[in-house]
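# Results of the structural survey
As a plain string of letters, each chain reads:
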Amino acid sequence: MRELRIFHLYPDVLNLYGDRGNVLCLKRRLEWRGLGCSVTEVPMGERARLSEADICFIGGGQDFEQGLLMEDLRGGRAQEIKSAVEDGVTFLCVCGGYQLMGHYYETAAGERCPFIGALDLATVGDAERMIGNFAFETAFGTVVGFENHSGRTRLGGGVEPLGRVLRGSGNNGEDGTEGARYRNVFCTYSHGPVLPKNPAFADALLASALERRCGDASLAPLGDLAEREAHESVLKKVLG
Ligand code: GLN
């Protein structure tokens, strides 16, 4: 039986806006298809072999929690994450979890947190936060969600945006981009959790991991009319 291993990194400190619901959504969408799924939580200080993961999830956090991670990242986790990224492990990184994949995050107070540098991007905070429902267009259709961040993220070379903003701020409120894509890493500012009401996004992540794990990215269709209707309802509301 095809089975995927999901590692949930920092569930103890990066846990805003029910982002853990993304892990539950991925697990359910596998199990509803008769596919296996295991979930391993990896809190700060816990050793884990990320090379065994098929999907890693990192949620959002406030500036203070992001600062708590520095020692853990320097203790070897940063290199593990970079290696897993280059090995093609699928990542979903949301907001604070997105920012820590870049070179640094500078808070609105001017404190610079050197981060992993797995993706060529950097984030600078601002006194004015970017908050609200938003929507963006991606290679797998529209995505709707809720953003709340002070950080303005700029993408460097080799990193593509996850999508183009239709309504809201996205990465920085200026260049029309939202999120980031690099190898099998999917980053977004979209809280919510983002996946339950964006089934195409959830299945794109599962297909990415299944392709790497077993060379078969096929996913049987699900009776997810409720999820698709929720998506359309929020999209209509956001786009007015
Ligand atoms: N602390 C970061 C910021 O304000 C991330 C916030 C979050 O994860 N929602 O930009």
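Read on for a plain summary of the structure. Computed from a predicted structure; not experimentally measured. (Residues numbered from 1 in each chain as written. Predicted model: local features only at pLDDT ≥ 70, side-chain atom pairs only at ≥ 80, totals over all residues. Heavy atoms only, no water.)

Taken together, 16 residues sit near the ligand, with Asp-63, Gln-66, Cys-95, Gly-151 and His-191 positioned nearest. A distance of 2.9 Å separates an oxygen atom of the ligand from a polar backbone atom of Gly-61. The side chain of Arg-129 places a nitrogen or oxygen atom 3.2 Å from an oxygen atom of the ligand. With the chains in place, 98% of the 300 Å² that the ligand exposes on its own is no longer accessible. Residues that form the shell around the ligand fall into these classes: 3 nonpolar, 11 polar and 2 charged. (Near = heavy atom within 4 Å. Polar contact = N/O pair within 3.5 Å; in protein donor to acceptor, adjacent residues only side chain to side chain. Areas by Shrake-Rupley, 256 points an atom, 1.4 Å probe, with all protein chains shown as cover. Nonpolar A, V, L, I, M, F, W, Y, C, P; charged D, E, K, R; others polar.)

A few words on the sheet that holds strand β9 (residues 141-149). Spatially, the 4 strands line up as an open sheet ordered β9-β8-β11-β12, and their pairing is antiparallel. Edge positions in the open sheet fall to β9 and β12 (177-178), since each of these has one partner strand only. (Pairing = 2+ DSSP bridges. Helix = DSSP H or I, 4+ residues; strand = E, 2+ residues; numbered from the N terminus.)

Quick look at the nonpolar core now. With 64 residues, the main nonpolar core has Ile-81, Phe-91, Met-101, Leu-119, Leu-195 and Phe-201 as its most contacted residues. A per-element tally of this core places helix α5 (residues 199-214) first, with 7 residues. Excluding residues that lie within four positions of it along the chain, Leu-119 makes contacts with Met-101, Gly-102, His-103, Val-159, Ala-180, Tyr-182, Val-185 and Cys-187. (Core = buried A, V, L, I, M, F, W, Y, C linked by side-chain atoms within 4.5 Å. Buried < 20%, exposed > 50% of the residue type's maximum accessible area, 1.4 Å probe, protein only. Contact = heavy atoms within 4.5 Å.)

All right, on to the pattern of salt bridges then. This model, assessed by the stated rule, comprises 18 salt bridges. A salt bridge links Asp-216 to Arg-2, with the shortest nitrogen-to-oxygen separation between them at 3.4 Å. Placement of Asp-216 in the loop between α5 and α6 (225-239) and of Arg-2 in the segment before β1 (3-9) is noted, with a sequence separation of 214 residues between them. Judged by relative accessible area, which is 22%, Arg-2 ranks as partly exposed. With its nearest N and O atoms 2.4 Å apart, the salt bridge here joins Lys-27 to Glu-31. With Lys-27 and Glu-31 both in helix α1 (residues 21-31), this residue pair falls 4 residues apart, about one helical turn. (Salt bridge = Lys/Arg side-chain N within 4 Å of Asp/Glu carboxyl O.)

Counted under the stated rule, the structure contains 6 aromatic pairs. With a centroid separation of 5.0 Å and an interplanar angle of 55°, the aromatic rings of Tyr-98 and Tyr-189 are classed as tilted. Separated by 91 residues along the polypeptide, Tyr-98 in helix α4 (residues 96-99) and Tyr-189 in the loop between β14 (185-188) and α5 bring together distant segments of the chain. Arranged with centres 6.2 Å apart and planes meeting at 45°, the rings of Phe-186 and Phe-201 form a pair that is tilted. Taken together, the residues Phe-186 in strand β14 and Phe-201 in helix α5 connect sequence positions 15 residues apart. Given a relative accessible area of 3%, Phe-186 falls into the buried group. A relative accessible area of 1% places Phe-201 in the buried class. Three or more aromatic residues joined by ring pairs make a cluster, and in this case those are Phe-140, Phe-186 and Phe-201. For the cation-ring pair, Arg-112 lies above Tyr-104, with the distance from its terminal atom to the ring centre recorded as 3.6 Å. (Phe/Tyr/Trp six-rings, centres within 6.5 Å; stacked < 30°, edge-to-face > 60°. Lys NZ or Arg CZ within 6 Å of the ring centre and 35° of its normal.)

This part is about the side chain of Asp-224. When you line up the elements, Asp-224 lands in the loop between α5 and α6. There is a polar contact of 2.7 Å between the side chain of Asp-224 and the side chain of Arg-29. In terms of polar contacts, Asp-224 uses its side chain to reach the side chain of Arg-228, at 2.7 Å. Leave out the neighbours within four places in its chain, and Asp-224 touches Arg-29 and Pro-199.

Read across the open sheet, the 4 strands follow the order β6-β5-β7-β10; overall the sheet is mixed. Of all the strands in the sheet, the pair left with one neighbour each is β6 (112-114) and β10 (152-155). Sheet twist, expressed as the mean angle between neighbouring strand axes with direction ignored, is 15°. Across 4 bridges, the pairing between strand β7 (residues 121-124) and β10 is antiparallel. Residue pairing across strands places Ala-122 opposite Arg-154, the latter belonging to β10. (Axes fitted to C-alpha atoms, helices over the stretch in contact; angles between N-to-C directions.)

Looking now at the pairing of strand β2 (residues 36-42). Where β1 lies against β2, 7 bridges are found, and the strand directions are parallel. Along β2, the bridge assignment pairs His-8 with Glu-41.

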